[in-house]
Amino acid sequence: MSNKNKKPVFSKDDPDFSAWFTSFFLKNHIDPFAYPTKVGAREQVEFMVYPENEVRYYPCSDRMFNAIMSKQYPDYLKNQYKDVLKRIMALVDKFIDSKYDKIFLKELIEIKYKDEIHTGLLMPSRLEKRLYKIFLSRTHIENPYSLEKKAANRNISKFLNSQTFNKALNHIDDSLGMVKDLSLFELREKIKQIEFKRLLSLMQHDHLWACENVKICSLSKIKSMMKTTIKGDGLNFLLSLIRLKKQKILWLANEAGEIVVDLMLVKFLTELGHTIILSVKEAPFFTKVCLADIRTDPVLIKELENANFIHEKTISKNTLVELLKQDNHIHVVSDGTSEELNLLLVSTSFSRIFKEVDCVISRGINQKEILIDSHFNFTQNIINISHEKKSLIITHKPRHPDFIKFSHQQLEEKANYIIDQMKSAKDKGMTIMFYSGIIGSIPGKIDVAKKIMTTFIEYLKGQSTSLFVINPSFYYEPGMDADDLMYMWEIVQLSTYIDIWRFQTSEDIAKSFAIMEQKVPPEWIGKDSTYSTGCTKEMKIAQKVQKKNFEMQLIGPSLDKFMRRDEYGVGSMYDQRLAEL
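Since this is a predicted model, take the numbers as computed values, not measurements.

A word on the packing of helix 4 (residues 75-95) against helix 5 (residues 99-117)
Argument step 1. Taken N-terminus to C-terminus, the directions of helix 4 and helix 5 make an angle of 165°; their axes are 10 Å apart at the nearest point. Here helix 5 runs roughly antiparallel to helix 4, going by the angle between their axes. As for how helix 4 packs across helix 5, the hand of that crossing is right-handed. Contacts from Tyr81, Lys82, Leu85, Ile88, Met89, Val92 and Asp93 in helix 4 reach Lys102, Leu105, Lys106, Ile109, Glu110, Tyr113 and Ile117 in helix 5.

Here's the deal with the pairing of strand 5 (residues 330-334)
Argument step 1. With 5 of 5 residues buried, strand 5 is to be regarded as a mostly interior element.
Argument step 2. Neither face of strand 5 is left uncovered, since the one carrying Ile330, Val332 and Ser334 and the one carrying His331 and Val333 both have all their residues buried.
Argument step 3. Pairing geometry for strand 3 (residues 275-280) and strand 5, over 5 bridges, is parallel. Residue pairing in the sheet places Leu278 in a bridge with Val332 of strand 5.
Argument step 4. In this structure, strand 4 (residues 308-310) lies alongside strand 5, joined through 3 bridges in parallel fashion. When the sheet's bridge partners are listed, Ile310 is paired in strand 5 with Val333.

Some details on the nonpolar core
Argument step 1. Counting 69 residues, the largest nonpolar core has Phe24, Tyr57, Ile68, Ile109, Leu250, Leu343 and Phe378 as its most contacted members.
Argument step 2. The element contributing the most residues to this core is helix 4, with 9 residues.
Argument step 3. Leaving out residues up to four positions away in the same chain, Phe378 has contacts with Met48, Val49, Tyr50, Tyr57, Leu343, Phe354, Ile370, Leu371, Lys397, Arg399 and His400.

As for helix 17 (residues 348-356)
Argument step 1. Of all the 9 residues making up helix 17, 9 are buried; the element is thus mostly covered by neighbouring parts of the structure.
Argument step 2. When helix 17 is considered as a whole, its buried residues turn out to be Thr348, Ser349, Phe350, Ser351, Arg352, Ile353, Phe354, Lys355 and Glu356.

Looking at the pattern of salt bridges
Argument step 1. This structure, assessed with the given rule, holds 33 salt bridges.
Argument step 2. The salt bridge involving Asp93 is made with Lys106; its shortest N-O contact spans 2.7 Å. Taken together, the residues span a long stretch of sequence, with Asp93 in helix 4 and Lys106 in helix 5 at a distance of 13 residues.
Argument step 3. The class for Asp93 is partly exposed, based on a relative accessible area of 39%.
Argument step 4. Residue Asp508 pairs with Arg502 through a salt bridge whose shortest N-O separation is 3.0 Å. Residue Asp508 shares its accessibility class with Arg502, and that shared class is buried.
Argument step 5. Bridged by salt links that share partners, the residues Lys317, Arg352, Lys355, Glu356 and Asp484 form one connected network.

Quick word on the side chain of Lys405
Argument step 1. Relative to the helices and strands, Lys405 is located in the loop between strand 8 (391-397) and helix 19 (408-427).
Argument step 2. A relative accessible area of 16% means that Lys405 is categorised as buried.
Argument step 3. For Lys405, the side chain forms a polar contact with the main-chain oxygen of Glu356, separated by 2.9 Å.
Argument step 4. Here the side chain of Lys405 touches Val357 through a polar contact of 2.5 Å, landing on its backbone oxygen.

A closer look at the sheet that holds strand 7 (residues 381-388)
Argument step 1. A sheet is described by the order of its strands in space; here 8 strands give the open sequence 1-8-7-6-2-3-5-4, paired in mixed fashion. The outermost strands of the open sheet, each flanked by one partner alone, are strand 1 (230-231) and strand 4.
Argument step 2. Pairing between strand 2 (residues 248-252) and strand 3: 5 bridges, direction parallel. In the sheet register, Ile249 faces strand 3, and the bridge partner there is Ile276.
Argument step 3. Sheet strands in contact with helix 17 are strand 2, strand 3, strand 4, strand 5, strand 6 (359-363) and strand 7, and its direction is about 130° off that of strand 2.

A word on the packing of helix 21 (residues 482-493) against helix 23 (residues 533-548)
Argument step 1. Relative to each other, helix 21 and helix 23 sit at 25°, their axes nearing to 11 Å. Of the possible angle classes, the one that applies to helix 21 and helix 23 is roughly parallel. The interaxial crossing formed by helix 21 with helix 23 has right-handed handedness. Contacts from Met486, Trp489, Glu490 and Gln493 in helix 21 reach Gly534, Lys537, Glu538, Ile541 and Val545 in helix 23.
Argument step 2. Among the residues making up the contact of helix 21 with helix 23, the classes are represented as 4 nonpolar, 2 polar and 3 charged.

Description of the confidence of the model for the protein chain
The predicted coordinates should not be examined in detail at positions where pLDDT is low.
Argument step 1. Per-residue confidence for the protein chain gives a mean pLDDT of 89; residues scoring 70 or more make up 93%.
Argument step 2. Here residues 571-581 is a poorly scored stretch, pLDDT under 50, and it has 39 contacts once near neighbours within four places are set aside; other chains count.

Concerning the packing of aromatic side chains
Argument step 1. Applying the stated criterion to the full structure yields 25 aromatic pairs.
Argument step 2. By way of ring pairs, the aromatic residues Phe17, Phe21, Phe24, Phe25, Tyr57, Tyr58, Phe65 and Phe376 are connected into one cluster.
Argument step 3. The cationic tip of Lys527 hangs over the ring face of Tyr531; the distance from NZ or CZ to the ring centre is 4.9 Å.

Quick look at the side chain of Ser362
Argument step 1. With respect to the element layout, Ser362 can be found in strand 6.
Argument step 2. The buried category is assigned to Ser362, whose relative accessible area is 0%.
Argument step 3. Discounting residues that sit within four places of it in the chain, Ser362 has contacts with Leu252, Gln367, Leu371, Ile382, Ile383, Asn384 and Ile385.

Rules used in this analysis
- Along every chain, residues carry numbers that run from 1 in the direction the sequence is written.
- Only residues with pLDDT of 70 or above have their local features reported here, since the model is predicted, and side-chain atom pairs are shown and tallied only from 80 upward, although totals for entire chains, interfaces and linings are computed over all residues.
- In computing side-chain properties, one takes all heavy atoms of the structure into account and sets aside hydrogens as well as water.
- Helix axes are fitted to C-alpha atoms over the stretch in contact, other axes to C-alpha atoms as well, and angles between N-to-C directions run from 0 to 180 degrees.
- Think of it this way: any DSSP run of H or I at least four residues long counts as a helix, any run of E at least two long counts as a strand, and we number them from the N terminus.
- For classification purposes, an angle smaller than 35 degrees is called roughly parallel, one larger than 145 roughly antiparallel, one from 65 to 115 roughly perpendicular, and anything else oblique.
- Crossing handedness follows the turn of the near helix against the far one: under a right angle anticlockwise gives a left-handed crossing, and clockwise gives a right-handed one.
- Note on contacts: a residue pair qualifies if any of its non-hydrogen atoms lie within 4.5 Å across the two residues.
- Accessible area is worked out with a 1.4 Å probe on protein chains only. A residue is then buried under 20% of its type maximum, exposed over 50%, and partly exposed in between.
- Here, a strand pair is defined by DSSP locating no fewer than two bridges between the strands.
- What is meant by a nonpolar core is a set of buried Ala, Val, Leu, Ile, Met, Phe, Trp, Tyr and Cys residues, joined one to another through side-chain atoms within 4.5 Å.
- Think of a salt bridge as a Lys or Arg side-chain nitrogen and an Asp or Glu carboxyl oxygen that are within 4 Å of each other.
- Polar contacts, as counted here, are pairs of nitrogen or oxygen atoms within 3.5 Å of one another; within protein the pair requires one atom able to donate a hydrogen and one able to accept it, and residues that are adjacent in sequence qualify only if both atoms are side-chain atoms.
- As a working rule, the residues Ala, Val, Leu, Ile, Met, Phe, Trp, Tyr, Cys and Pro are called nonpolar, Asp, Glu, Lys and Arg charged, and the rest polar, with Gly in that last group.
- You can read pLDDT as the predictor saying how much it trusts each residue, on a scale of 0 to 100.
- Pairing of aromatic rings covers Phe, Tyr and Trp, the last counted by its six-membered ring, and requires centre-to-centre distances within 6.5 Å; plane angles under 30 degrees mean stacked, over 60 mean edge-to-face, and any other angle means tilted.
- Whether a charge sits over a ring comes down to the Lys NZ or Arg CZ being within 6 Å of the ring centre and within 35 degrees of the ring normal.

And the structure:
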């Protein structure tokens, strides 16, 4: 899809706009500086949203953003607010019987509603989240639509498991065309395409799960359903998955009922060899599919009985790569939220998965508005499947062409190339040294750090004969984050070819500046490898390696000093603690 959405144009030099813009993020509780434990840092957001011209990402459509930024409080925004209030009040009417409680709760919600909307800064999705939270906290109803969701899933499951449906799915008509003109390979692909499109067509017919006591349609009726018109530029991309091998796909689940159709498509794709990570909501939100549903709904429990559940909220690249290498082809993860899709509030695991997969399949109009109908570009190909009027619409937004992604295969190839160099040097009788030092631990000083390391390594080479030193700074490439580097280096380090593992000392740094005929700048005084998160992790690896290779020599600061760094800030080259300073 060619993204025709035009980026909103505002002047950064306009202080009035800047204040309104900042207030927008504060009012919606999506400012990472004001809410650092809730809102993803810029680096985490960039796992998903491609950064362009330092434009700040916002989780709504351009139309909504323009309406809020106009300061005019247009009817479009007012009507969106009113729709939210209607949905919340309908919730009260449906689930609250007591007259007193109903009046009290409606009044409380009305007060909160008026307070929240009077500036016109609040996104309707955030308003809905806040009012919904009031309902849940006051009524102690954990999953209000649980029964309705189970009924919807039960209805569509009954339909999909009926003999009539299976006859319709497998019937042969003129869709195959002239079989005699096709090769066996082309024929198999054609059959898969027909099956895929027939399954996709069911997404248009929400009456299959939305109505009570749904009766199984006639064979002719189901055949007619499977001829639903599919529009949009995303169908060809979806069909290409039939030919592609071993793709990793993040599937953003949406509503109950349709999730069962989704899972039928998910299983179709896994049978082709693809791996699907199904994302659901962390906690109940209207009729959206959430963790509670997949743990308590008999239909979903059965459908996902062989799935692997990713419980970690901050999964690393290493762990994720190893997980996706396993035989499980279906994984389930929470996006970490209980609201409409909000990439500023999703979990670290969700962000990491978003970056590591090959494409993202989103569902429904709301997700389409956020992912497709905005000027923002993303780090992955985005597909949206939604039904509008009488057609099924499948749209595609290509990932940004300048996004650089290193697959685990590419990183493994780079690691093996370095190992081959080490082996070759070893065969020549050379001593192999790995030098661990500061690269990105001082924010904004990567180039200086690389020069310091390279200067000292050249000094070491000049002092020794037959010494092969691995300089990690030579292998950093734009687009690599800390997890990419750690994944690559761990493979190298565990190869057991290292004779000496030297960790950078403050004396090494001082010597480098002396060689460069410079004084040590304040930010480098007293620094050594214990200041580096990467080096701290590498010291733990070095201890493992030394247990297998007793002769490997460790040089550098004492082990007890590697205590102040723990984890990288997500997507950063420096420790998460430094982001708080």
